[in-house]
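# Structural description and commentary
Residues per chain, in single letters:
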Number of protein chains: 2
Amino acid sequence: MSTPNGRTTKQLRVRGETLRAFCERALRAVDVPSEDAAIVADVLVAADLRGIDSHGVARLRRYTDGVRRGVMSAHPNVRVLAETPATAVLDADAGLGQPVSYRAMQRAIEKAHAVGVGVVAVRNSNHFGIAGYYAMLALEHDCIGMATSNAGRLVIPTFGREPMLGTNPIAVAAPAGSERPYVLDMATSTVAMGKIEIYDRLGLALPPGWAADRDGLPLHDAHQARTQLSRRAGGGLLPLGGASETTGGHKGYGLSLLVDILCGVLAGAAYSDRIMSEGVAGGVPTHPNLGHVFAALRVDAFRPLDEFKAAMDDLQRRIKESPKAAGHERIYIHGEKECEAATERSLLGIPLNPHVVDDLRSLAQELDVPFDLE
Amino acid sequence: MSTPNGRTTKQLRVRGETLRAFCERALRAVDVPSEDAAIVADVLVAADLRGIDSHGVARLRRYTDGVRRGVMSAHPNVRVLAETPATAVLDADAGLGQPVSYRAMQRAIEKAHAVGVGVVAVRNSNHFGIAGYYAMLALEHDCIGMATSNAGRLVIPTFGREPMLGTNPIAVAAPAGSERPYVLDMATSTVAMGKIEIYDRLGLALPPGWAADRDGLPLHDAHQARTQLSRRAGGGLLPLGGASETTGGHKGYGLSLLVDILCGVLAGAAYSDRIMSEGVAGGVPTHPNLGHVFAALRVDAFRPLDEFKAAMDDLQRRIKESPKAAGHERIYIHGEKECEAATERSLLGIPLNPHVVDDLRSLAQELDVPFDLE
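Structural notes, computed from the coordinates. (Residues numbered from 1 in each chain as written. Chains lettered and ligands numbered in written order. Predicted model: local features only at pLDDT ≥ 70, side-chain atom pairs only at ≥ 80, totals over all residues.)

## What about the relation of the copies chain B and chain A?
The criterion, for reference: We superpose the copies by least squares over the C-alpha atoms of residues that have a pLDDT of at least 70 in both of them. A pair of residues counts as a contact when their C-beta atoms, built from backbone coordinates, are separated by no more than 7 Å.
Of the transformation superimposing chain B on chain A, the axial component is 0.0 Å and the angular component is 180 degrees, with the fit at an RMSD of 0.0 Å. Within this description, the copies of the chain are treated as partners about a two-fold rotation axis. Distance from the rotation axis, computed per C-alpha, reaches its smallest value in chain B at Gly241 of chain B: 2.4 Å. When the interface residues of chain B are mapped onto chain A, 100% of them are again interface residues, pointing to one common binding face.

Structure representation (structure tokens):
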């Protein structure tokens, strides 16, 4: 439903296939090859299906703009820089993050089939969407999958006051039998930037442990946090565990730093404040040079698959069936909420915020592709 | 210095070599082979040197008692159950955790030399001491090392009220050039049990996010927390991030569960509340059947070693030299404090609490070995 001036007024629900086809059209319109466009579209829509709206089609423009501005290459020359039976390093040649990540994870899985484990690092890449997507690719191969990436700096180290690390996600997926797979997909900060934006829109105060101001002191004003961070005016998000060692903030900081060591230092990409913002400076596109690391462990290199799956089911049930805290009726396993969202949204369609629909309509006009989401 | 009745009255400082030799004697007295005794002693003293007193020689009795009671085997028949070029699974045959862990990590490093990565899982094991010890074994081989273990249940899952997971540590060590190596060694709970004991002794209230009572509600009484946990009377430690999803507690819970999936389910050991306490029930020793996973990544499989080390130095300096929060003068890299403690304690000796000295003196009498720590 839209007003006479063409603006959408209520939430739409759109089928996953429809959204995927729209994203593919938009990406092909900026000269992304069909196969790559299909991968980017699938990663975006997977995020929406799983309820991770901050990383879904609402971010399509980031990639089409990225290509149009020359930050992300539509036709990268991806090269294998080094390879052993269990490892490889790819240079993404400043291409879109998703296609090279998809292929790197497949390569890690092939290596796991051959020698038990595969670890594939990628340098010179761009934002790859949700980390969990790649970890989950391992599931149908009966492997445990891991995916991680560094990212532009938003997070301050313990006792610091300038953002020196990204929200650097870690994702791990492990198959189960009759239970759902375990899928952890977490930023190593207490919250990702999207949560600050939501609290700002709702006019809510930030809970403790989320953000610090330019002096490194606790910040509860969501609008100030959002503004300072977007202007790079000091302060930043806090690592998981908050600002102090007492609440374990040094552990979240340590995990974020670990991701930067693997994805920046080991992969040979940029790291910390060497990672530049996507953009154009003096007419020249600035490329962030992100790094990713993907890993797969073949379950039956360790024990028979049926034993593993039976134990995964048993472990999940023991935890879920254990007594609940006062006021709670359910204990979740990681990935369970997202799996339920995907089931519901596959059936009923993906709910799209009117602002997102308007933006996608504008994008369709700019790129001269058909708009069929309403 | 000791009183006429033989009790120590002030803190002693003992040289690392002296302590190591004492631990070896005690372990050999309970029939642990020399080579294994040397490994256990080295892991214990390494913890003391690094300032992790909770895992040092204060815990020697845990292992000598473990052997004497039949919980830990002094002469295990360690077997390789499965092996690929990059992976192996060992059955520790209920032996002491340290010797099998040392050998498993060495095997992971050999595999990393051969094929780029090595992952070695161990089942049917016992407590292995500090996880960081094994991760750090990779450093001299210019590998990134990782070590993790599950443990007896102390931690409650998000929205639960019974401990269903261990404090399940994760350790990662990465070499640097002229800077110190990065050494993360963290429990996946906000704090380990030792911190609760210290707060109880000092009569301090527990900070938020540390523990929950038997209803799963925040618990600030350190004595109550300590008593409930040691009696398994409900409640427990909280995962990193605390009790709620708002503060990211589900992430710490997810990391703890990940460790149990790798060390319990994948390695084929016990997990969750299937892990029994070390002890003797009805005359029969109960063995916890812990699992561990060790991994090594050979740096130069990914990029030239000198490049990696230069980037590690640069990353560390950028973070350490970034502006400090109000009231703070220093930003630390993980492992830095422990490295400084080791330098100081190597020079001045390891400070031992009088209670620990008394206990070691009693142990020497029980085992009929010379006591030379004062």
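## Looking at the pairing of strand S5 (residues 143-149) of chain B
All names here are of chain B. The line we're drawing: Backbone-placed C-beta atoms define the burial measure: a residue is buried with 20 or more other C-beta atoms within 10 Å of its own, exposed with 12 or fewer, and partly exposed in between. Starting at the N terminus, helices and strands are each numbered in turn, a helix being any DSSP run of H or I of at least four residues and a strand any DSSP run of E of at least two. Here a strand pair is declared whenever DSSP counts at least two bridges between the two strands.
In terms of burial, S5 is largely enclosed, as seven of its seven residues are buried. By the alternation rule, side chains of S5 split into Cys143, Gly145, Ala147 and Ser149 and Ile144, Met146 and Thr148, which are all buried. Inspection of the sheet shows S5 paired to strand S12 (residues 290-298) by seven bridges, in the antiparallel sense. In the strand pairing of S12, Ala147 is matched with Phe294.

## Concerning the nonpolar core
Note the following rule: To count as a nonpolar core, a set of buried Ala, Val, Leu, Ile, Met, Phe, Trp, Tyr and Cys residues must be joined through C-beta atoms within 7 Å.
Counting residues in hydrophobic clusters, the biggest one holds 260 residues, and the most contacted among them are Cys23, Val40 and Ala135 of chain A together with Cys23, Val40 and Ala135 of chain B. Those residues within four positions of Cys23 of chain A in sequence are excluded, and the remaining contacts are Val40, Ala41, Leu44, Val45, Val57 and Leu60 of chain A.

## Focus: the sheet that holds strand S12 (residues 290-298) of chain A
Residue and element names in this part refer to chain A. Stated formally: The axes are straight lines fitted to the C-alpha atoms, using for helices just the contacting stretch, and the angles between their N-to-C directions are given from 0 to 180°.
Spatial strand order, S2-S3-S4-S12-S5-S6-S7: seven strands in an open sheet with mixed pairing. Among the strands making up the open sheet, the edge pair consists of strand S2 (79-83) and strand S7 (182-186). This sheet shows a mean twist of 15 degrees between the axes of neighbouring strands, independent of strand direction. The pairing of strand S4 (residues 117-125) with S12 spans seven bridges and is antiparallel. When the bridges of S12 are listed, Val120 appears paired with Phe294.

## Here we look at helix H11 (residues 354-367) of chain B
Residues and elements named next belong to chain B. To keep it simple, the criterion reads: Helix span, expected: 1.5 Å multiplied by one less than the number of residues in the helix. The arc refers to the directions leading from the helix axis to the C-beta atoms.
For H11, which comprises 14 residues, the first-to-last C-alpha distance of 20 Å matches the rise-based estimate of 20 Å (1.5 Å per residue) to within 8%. Where H11 is concerned, the buried positions are Val356, Val357, Leu360 and Leu363. The buried residues of H11 occupy an angular sector of 120 degrees when projected down its axis, which confines them to one face. With respect to the buried face of H11, the exposed residues turned more than 90 degrees away are His355 and Gln365. Check the buried side of H11 and you find it contacts strand S1 (12-14), helix H1 (16-29), helix H3 (60-68) and strand S13 (350-352).

Fair warning: the whole summary comes from geometry, so function is off the table for now.
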